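# Chains, contacts and geometry: an overview
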Number of protein chains: 2
Amino acid sequence: MFKDFRAEGESPAYIQLKAYIETLITQGVMPLHHKLPSTRELSGLLGVSRTTVISAYEALERTGWIEAIKGRGNFVSRAAVHLNEPPSMIEWTERLGPQAFLSEEMDLMKHGIKWEKGMIAFTSIAPDERLFDMSGVKRAFLDRMALEGDVLLNYGYAQGYRPLMRYLMSYMKGKGVETTGKDILITNGFTEGFDLLLTAIGKRSGRILCENPTHQTAIKIMKLHGFEPVGVRMERDGVNMDELKRTLDEGGFDLAYLTPSYHNPTGIVTSPEKRMELLRLLGEHEIPVVEDGFNEELRYSGAHAAPLIACAGTGNSVAYVGSFSKILFPGIRVGWIVADRKLIGYLESLKRARTIHTSTLDQALLFQYLHNGNFERYLKRARTEYKRKYESAVRGCAAHIPMKSMSGEGGLHVFVELDERLDARVILEDCRKLGVVFTPGDIFFTDGGGQHTLRIGFSRVPEERIEEGLRIIGTVVKEHVKALNHRIDV
Amino acid sequence: MFKDFRAEGESPAYIQLKAYIETLITQGVMPLHHKLPSTRELSGLLGVSRTTVISAYEALERTGWIEAIKGRGNFVSRAAVHLNEPPSMIEWTERLGPQAFLSEEMDLMKHGIKWEKGMIAFTSIAPDERLFDMSGVKRAFLDRMALEGDVLLNYGYAQGYRPLMRYLMSYMKGKGVETTGKDILITNGFTEGFDLLLTAIGKRSGRILCENPTHQTAIKIMKLHGFEPVGVRMERDGVNMDELKRTLDEGGFDLAYLTPSYHNPTGIVTSPEKRMELLRLLGEHEIPVVEDGFNEELRYSGAHAAPLIACAGTGNSVAYVGSFSKILFPGIRVGWIVADRKLIGYLESLKRARTIHTSTLDQALLFQYLHNGNFERYLKRARTEYKRKYESAVRGCAAHIPMKSMSGEGGLHVFVELDERLDARVILEDCRKLGVVFTPGDIFFTDGGGQHTLRIGFSRVPEERIEEGLRIIGTVVKEHVKALNHRIDV
């Protein structure tokens with residue numbers, strides 16, 4: 001006993017000693033009522049200061065593990081854990097329901113693209129942390145903590161942290177949104193926002209109209225909720241309107257899910273004219289719209305188009321889901337929904353039932369960071385960096401990859417369409433052997449198509465490796481094209 | 001134009017000017033291609049520095065609102081928002097499903113006890129923020145940011161932040177838990193943890209065995225998932241075992257939900273003997289258990305009992321949901337589930353589909369705070385403060401409130417049972433008129449009972465007001481008892 005105790009690492013020694021003694025007690029090595037060594041004895045035995053032992057004993061007494069009897073010593077006041085024998089074993093997979101299995105199946109982190117350190121990985125569209133503005137974040141945190149630290153650490157409101165909500169409503173106004181009759185809810189990123197909306201919406205037809213391809217996380221969430229995503233083909237400036245009209249005439253949609261700016265994965269920006277037409281048509285069919293506000297700030301060229309929710313004017317049929325995750329700090333999980341006030345009221349109750357509220361600390365940090373004017377400064381730097389990478393990516397794809405088409409007017413990725421006879425997953429395997437990976441585009445398609453497409457995410461690839469990586473992909477694609485043509489000739 | 005611009009508050013002036021000009025543009029006051037005033041002109045007109053105007057124009061150009069043409073000036077490059085006319089209006093309440101309505105109905109923040117500033121409110125069991133250790137939190141944040149700030153701000157793992165997961169597994173080991181074959185998932189508090197478990201569990205019987213009364217949030221979540229909570233009456237040392245056996249014989253339970261330590265709302269601690277008996281019986285009936293690890297640290301007297309999951313030894317039928325929310329910082333929304341490794345795997349996928357991951361910043365802050373040894377120090381202070389309030393509450397209730405029984409061996413509340421003929425809600429209304437409110441106990445009952453019970457939460461009531469508040473409640477109760485007896489005599 002005691003011989004194997006070692007205090008190591010940064011955690012205070014008395015804490016480690018306390019944990020060690022707890023283990024001896026729970027394992028029954030020191031049974032109930034056992035008398036512990038005196039503080040002097042233990043200090044000598046372990047070679048730690050007597051103060052450390054005294055502190056450990058005090059902590060143990062405070063949490064009920066030992067009892068100090070004046071004049072007599074310290075005694076174990078807790079029995080070893082009684083164990084239930086024989087142990088109850090459950091086969092959990094027999095107890096789970098369809099949601100558990102479906103979410104595991106569709107979990108791309110588990111079943112997605114594997115790659116190793118050193119590879120050139122065009123798989124991510126997460127921000128490059130070398131751009132993160134650490135001092136701005138620290139200052140924002142300290143500023144806010146100084147003002148109202150105690151408020152931040154206690155329970156907050158489900159709807160959100162008030163200053164951030166005001167800031168974001170103002171931000172949305174700046175995008176041209178008519179905010180009368182609307183309200184805002186802070187969520188844990190786009191993911192929770194979309195999940196709450198789909199939980200709230202009643203299933204009548206069970207069908208959701210969307211672009212094809214579209215954001216794979218959105219497809220996952222739609223399926224987990226038992227909705228069928230019905231996709232409409234994209235072209236250079238938005239969805240194909242004829243196909244949209246035909247699809248709408250098929251009838252029966254509970255919702256439309258659209259990403260009009262910097263569409264994931266195509267990077268396409270829906271033109272102002274198409275935005276108006278979309279709203280008109282969906283309005284005629286009385287289909288509510290969920291707009292994925294996917295980062296208009298990362299525009300590299302061309303004019304802005306106002307979000308659908310702004311174009312909708314005083315209308316209330318559009319719910320806008322926003323997030324700074326792709327341009328600011330995705331780790332802090334803060335997003336928002338701006339929509340009809342009544343709808344927000346229900347979403348707020350749902351959110352309270354699920355997660356009570358988004359971390360107030362994170363919301364406050366984000367608010368203070370934005371309020372201090374850091375966003376502008378950060379954007380300036382980020383856009384310059386990302387624009388260089390974007391241009392390398394576009395040049396590299398055009399120069400090296402024989403393709404049918406390429407799209408992407410902003411954001412952190414470009415989307416490439418190869419010859420339709422090619423299979424991006426087979427090409428991926430050959431590229432992987434040469435140290436390059438990318439995201440095969442089929443995961444974004446709602447109809448099992450897109451096997452000949454790839455999404456090239458460049459945000460986290462060092463700029464000097466972008467061309468190299470694309471040249472390798474190009475080489476592999478050329479070989480596959482040659483093989484195809486050879487088969488045709490034969 | 002421009003005459004109504006005022007820079008006020010802390011946000012940098014150029015940011016405010018930028019927002020102002022954006023609004024002029026979106027509203028069409030400055031149409032597309034309109035030439036803006038020169039920086040010198042606008043500076044003179046507004047009475048702001050020319051640097052401010054230059055910065056604002058640069059920011060506007062960067063984000064595509066204006067275009068600078070060398071030698072000619074700055075021009076609006078964005079059209080006013082085209083508006084969809086006529087606006088599309090949706091009656092959202094006609095589009096929502098049962099979950100939305102049910103969550104709103106059961107939303108206690110919306111339909112709960114109203115009270116005003118200055119009242120003595122025994123309604124909360126949230127921590128007292130005057131105890132919050134601000135400097136410890138600040139140091140923890142800065143320590144962690146210095147070590148790995150960029151990691152914290154980028155996407156994290158759904159399962160959780162590794163150092164915190166390791167710390168908590170160690171913490172659970174210290175409670176006697178056999179961790180082989182088990183794993184941990186970090187969640188947004190108990191609420192998300194319980195919600196994920198109920199999402200994962202397949203509905204066979206649709207019945208969940210629980211204590212009666214029990215945690216009202218748990219009742220809400222069970223109902224939102226379409227489960228029927230079937231409650232078993234509590235007594236001094238846990239559930240009534242005869243009633244439990246009878247209930248089990250009725251057959252068909254998908255899960256058991258139990259809070260063996262510092263039960264909410266009764267504060268009862270289930271004895272070690274009953275814990276073993278519970279596990280044995282539930283094991284015989286092959287019913288998995290969700291254990292609500294409700295804050296064993298807030299014990300004021302009596303010996304600890306090991307959590308059910310520890311008593312279960314190497315068995316895997318217990319999923320433990322833990323949280324520091326009632327004793328540390330509820331605003332940061334960090335909780336955890338320790339359970340069978342396979343089950344955790346599915347819960348992780350579900351979590352990823354819902355919120356991706358819990359805020360890494362919060363997890364890291366909590367980890368560093370615990371690692372620095374602050375928890376022990378904080379606990380020492382908190383327990384002393386809360387124990388004093390607890391003793392005031394117990395004394396006050398015993399001295400002033402004619403009651404059938406009172407329970408509560410720790411935690412931040414006591415539970416009072418009045419004469420069964422009394423109605424706590426009616427008593428509450430009379431107390432409110434005298435400036436005192438409490439939580440009527442019926443919200444915690446699964447069978448519509450408990451109308452004669454009250455939960456007295458004292459954590460946020462100033463110590464000097466506790467006795468006063470209880471005396472007032474006592475006065476009201478005595479009047480109601482008198483009225484009852486009077487009716488009997490007549």
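Residues numbered from 1 in each chain as written. Chains lettered and ligands numbered in written order. Predicted model: local features only at pLDDT ≥ 70, side-chain atom pairs only at ≥ 80, totals over all residues. Heavy atoms only, no water.

## Let's talk about the interface of chain B and chain A
Bring the parts together and some accessible area is lost; that lost area is often taken as the interface size. Filter applied, for reference: Only heavy atoms matter for contacts: two residues are in contact if any of them lie within 4.5 Å across the pair. Here's the idea: put two parts together, see how much 1.4 Å probe accessible area each one loses, and the total over both is what we call buried area. We count a salt bridge whenever a side-chain nitrogen from Lys or Arg sits within 4 Å of a carboxyl oxygen from Asp or Glu. Two N or O atoms form a polar contact when they lie within 3.5 Å of each other; inside protein one atom must be a possible hydrogen donor and the other a possible acceptor, and for residues adjacent in sequence the pair counts only when both atoms belong to side chains. Secondary structure follows DSSP: runs of H or I at least 4 residues long count as helices, runs of E at least 2 residues long count as strands, and numbering of each begins at the N terminus.
If you look at the interface, chain B gives 128 residues, while chain A gives 128 residues. Here chain B packs against chain A, burying approximately 11,200 Å² in sum over the two surfaces, 59% of which is carbon and sulfur. Looking at the side of chain B facing chain A, the largest losses of area belong to Arg62(B), Trp92(B) and Leu153(B), adding up to 7% of the total buried there. Viewed at the interface, chain A and chain B are joined by 7 salt bridges. Across the pair Arg354(B) and Asp195(A) runs a salt bridge whose closest N-O atoms are separated by 3.3 Å. Across the contact surface, chain B and chain A share 38 residue pairs in polar contact (both at pLDDT 80 or more). A per-element tally of the side of chain B that touches chain A places helix 13 (residues 341-355) of chain B first, with 11 residues.

## Re the domain arrangement of chain A
Convention followed: Domain limits in this description derive from either an automatic procedure or a database domain assignment.
Domain assignment breaks chain A into domain 1 (13-76), domain 2 (108-130 + 376-489) and domain 3 (132-372). Centre-to-centre, using C-alpha coordinates, domain 1 of chain A lies 60 Å away from domain 2 of chain A.

## Some points on the side chain of Arg144(B)
All names here are of chain B. Test applied: Relative accessibility thresholds used throughout: buried, under 20% of the residue-type maximum; exposed, over 50%; partly exposed, between the two (1.4 Å probe, protein chains only).
You can see arginine 144 is positioned in helix 6 (residues 134-153). Residue class for arginine 144 comes out buried when judged on its relative accessible area of 10%. Of the polar contacts made by the side chain of arginine 144, one reaches the side chain of tyrosine 161; its length is 2.8 Å. Non-local contacts of arginine 144, meaning those with residues more than four positions away in its chain, are made with Gly149, Leu152, Tyr161, Ala364, Phe367 and Gln368.

## Thoughts on the packing of helix 13 (residues 341-355) of chain A against helix 8 (residues 189-200) of chain B
For the record, the criterion: Convention adopted: a line fitted to C-alpha atoms gives each axis, helices being fitted over their contacting stretch, and angles between N-to-C directions are expressed from 0 to 180 degrees. In these notes the angle categories are as follows: under 35 degrees is roughly parallel, over 145 is roughly antiparallel, 65 to 115 is roughly perpendicular, and the rest is oblique. Amino acid classes used here: Ala, Val, Leu, Ile, Met, Phe, Trp, Tyr, Cys and Pro are nonpolar; Asp, Glu, Lys and Arg are charged; the rest, including Gly, are polar.
The geometry of helix 13 of chain A relative to helix 8 of chain B is characterised by a closest axis approach of 6 Å and an angle of 90 degrees between their N-to-C directions. The orientation of helix 13 of chain A relative to helix 8 of chain B falls into the category roughly perpendicular. Listed contacts from helix 8 of chain B to Arg352(A), Ala353(A), Arg354(A) and Thr355(A) of helix 13 of chain A are Thr191(B), Glu192(B) and Asp195(B). Of the residues assigned to the contact of helix 13 of chain A with helix 8 of chain B, the class counts are 1 nonpolar, 2 polar and 4 charged.

## A closer look at the nonpolar core
This is how the line gets drawn: To form a nonpolar core, buried Ala, Val, Leu, Ile, Met, Phe, Trp, Tyr and Cys residues must be joined to one another through side-chain atoms within 4.5 Å.
With 209 residues, the main nonpolar core has Ile473(A) and Ile473(B) as its most contacted residues. In this structure Ile473(A) touches Phe122(A), Ile401(A), Cys431(A), Val436(A), Phe438(A), Leu454(A) and Ile456(A), once residues within four positions along its chain are discounted.

## Concerning the sheet that holds strand 8 (residues 255-258) of chain A
Residue and element names in this part refer to chain A. What counts is decided by this rule: Strand pairing follows a simple DSSP-based rule, namely that at least 2 bridges must link the two strands.
Strand order across the open sheet formed by 8 strands is 4-11-10-9-8-5-6-7, with mixed pairing between neighbours. A strand with exactly one partner marks an edge of an open sheet, and here the two such strands are strand 4 (182-187) and strand 7 (238-239). Note that strand 6 (residues 228-235) and strand 7 share 2 bridges and pair antiparallel. Looking at the pairing, glutamate 235 lines up with glycine 238 of strand 7. Lying on the sheet, helix 10 (residues 241-249) is in contact with strand 5 (207-212), strand 6 and strand 7; it crosses strand 6 at an angle near 160 degrees.

## Re the relation of the copies chain B and chain A
The cut-off we apply is this: The copies are overlaid by a least-squares fit using only the C-alpha atoms of residues whose pLDDT is at least 70 in both copies.
Turning chain B through 180 degrees and shifting it by 0.0 Å along the axis lays it on chain A, with an RMSD of 0.1 Å. Here the copies are linked by what is in effect a two-fold axis. In this assembly, 99% of the residues forming the interface of chain B have copies in chain A that are likewise at the interface, indicating an isologous arrangement.

## Here we look at the packing of aromatic side chains
Residue and element names in this part refer to chain A. Spelled out, the test is: Any two of the Phe, Tyr and Trp rings considered here, Trp counted by its six-membered ring, make a pair once their centres fall within 6.5 Å; the pair's planes then place it as stacked at under 30 degrees, edge-to-face at over 60, or tilted in between.
This model, assessed by the stated rule, comprises 31 aromatic pairs over all chains. Ring plane angle 65 degrees and centroid distance 5.5 Å describe the contact between tyrosine 171 and phenylalanine 324, whose orientation is recorded as edge-to-face. Of this pair, tyrosine 171 sits in helix 7 (residues 162-174) while phenylalanine 324 sits in the loop between strand 10 (318-323) and strand 11 (335-340), and the two are 153 residues apart along the sequence. Residue tyrosine 171 is classed as buried on the basis of its relative accessible area, which comes to 17%.

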